[in-house]
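Spelled out from the first residue to the last, the chains are:
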Amino acid sequence: MNISAASKAAGLPVKTVRYYADIGLVQAPSRSEAGYRTYDDASVRKLVFIRRSREFGFTIEECRELLGLYQDQDRTSAEVKRIASKRLEEIEEKQRELQSLHDELAHLVTSCRGDHMPDCPIIDYLG
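### With respect to the side chain of Arg87
And step 1. Here Arg87 is to be found in helix H5 (residues 77–111).
And step 2. Among the polar contacts made by the side chain of Arg87, one reaches the main-chain carbonyl oxygen of Gly57 at a distance of 3.3 Å.
And step 3. When neighbours within four sequence positions are excluded, Arg87 is seen to be in contact with Phe56, Gly57 and Phe58.

### As for the packing of helix H4 (residues 60–71) against H5
The relative placement of two packed helices is expressed as an angle between their axes plus a distance between the axes.
And step 1. Look at H4 against H5: their axes get within 10 Å of each other, and the N-to-C directions meet at 155°. Judged by the angle between their axes, H4 and H5 are roughly antiparallel. The crossing of H4 and H5 is left-handed. Residues Glu62, Glu65, Leu66 and Leu69 of H4 form the contact with H5, whose own contacting residues are Glu79, Val80, Arg82, Ile83 and Lys86.

### Some thoughts on H5
And step 1. Under the 1.5 Å per step criterion, the end-to-end length of H5 is 50 Å for 35 residues, consistent within 8% with the ideal 51 Å.
And step 2. For H5, the full list of buried residues reads Ile83, Arg87 and Leu108.

### Remarks on the pattern of salt bridges
Oppositely charged side chains can pair when the atoms bearing their charge come close.
And step 1. Tallying each qualifying case throughout the model produces 10 salt bridges.
And step 2. Between Glu65 and Arg82 there is a salt bridge whose closest N-O contact spans 2.8 Å. Taken together, the positions of Glu65 in helix H4 and Arg82 in helix H5 put the pair 17 residues apart, joining distant regions of the chain.
And step 3. Classification of Glu65 as partly exposed rests on a relative accessible area of 36%.
And step 4. For Arg82, a relative accessible area of 49% corresponds to the partly exposed category.

### What to know about the packing of aromatic side chains
And step 1. Under the counting rule described, the total for this entry stands at two aromatic pairs.
And step 2. Here Tyr19 and Tyr20 contribute two aromatic rings whose centre-to-centre distance is 6.0 Å and whose plane-to-plane angle is 50°, an arrangement assigned as tilted.
And step 3. The class of Tyr19 is partly exposed, set by a relative accessible area of 42%.

Calculation rules
- Residues numbered from 1 in each chain as written.
- Predicted model: local features only at pLDDT ≥ 70, side-chain atom pairs only at ≥ 80, totals over all residues.
- Heavy atoms only, no water.
- Helix = DSSP H or I, 4+ residues; strand = E, 2+ residues; numbered from the N terminus.
- Polar contact = N/O pair within 3.5 Å; in protein donor to acceptor, adjacent residues only side chain to side chain.
- Contact = heavy atoms within 4.5 Å.
- Axes fitted to C-alpha atoms, helices over the stretch in contact; angles between N-to-C directions.
- Parallel < 35°, antiparallel > 145°, perpendicular 65-115°, else oblique.
- Left-handed = near helix turned anticlockwise from the far one by under 90°.
- Expected span 1.5 Å × (residues − 1).
- Buried < 20%, exposed > 50% of the residue type's maximum accessible area, 1.4 Å probe, protein only.
- Salt bridge = Lys/Arg side-chain N within 4 Å of Asp/Glu carboxyl O.
- Phe/Tyr/Trp six-rings, centres within 6.5 Å; stacked < 30°, edge-to-face > 60°.

Structural data, given as structure tokens:
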């Protein structure tokens, strides 16, 4: 299938599919006689795998590592779990940071009278 069909099947923009091929994340596809990139079902499955991995926030290098494990029938689940556990810890840390920001901003919003006067604890805090 051509790159447009492959990108649609994988749920990715054409530009992203091209980028993944260019950086070697997926094997460079074969080309038609006219020079167009062609993708097979295995390539589309890899693109879907990468899209799902990126949705979890894995970096390109982590996707490369996960993809290697995906293709390695001798892999251990411990290797995969190690990568996923690291990402989960990063997500949990980000959640704590966001909760702290939320709590602080909620307090400031609650403290602001929001009236016609110039006094504003939000501006005071930011200044």
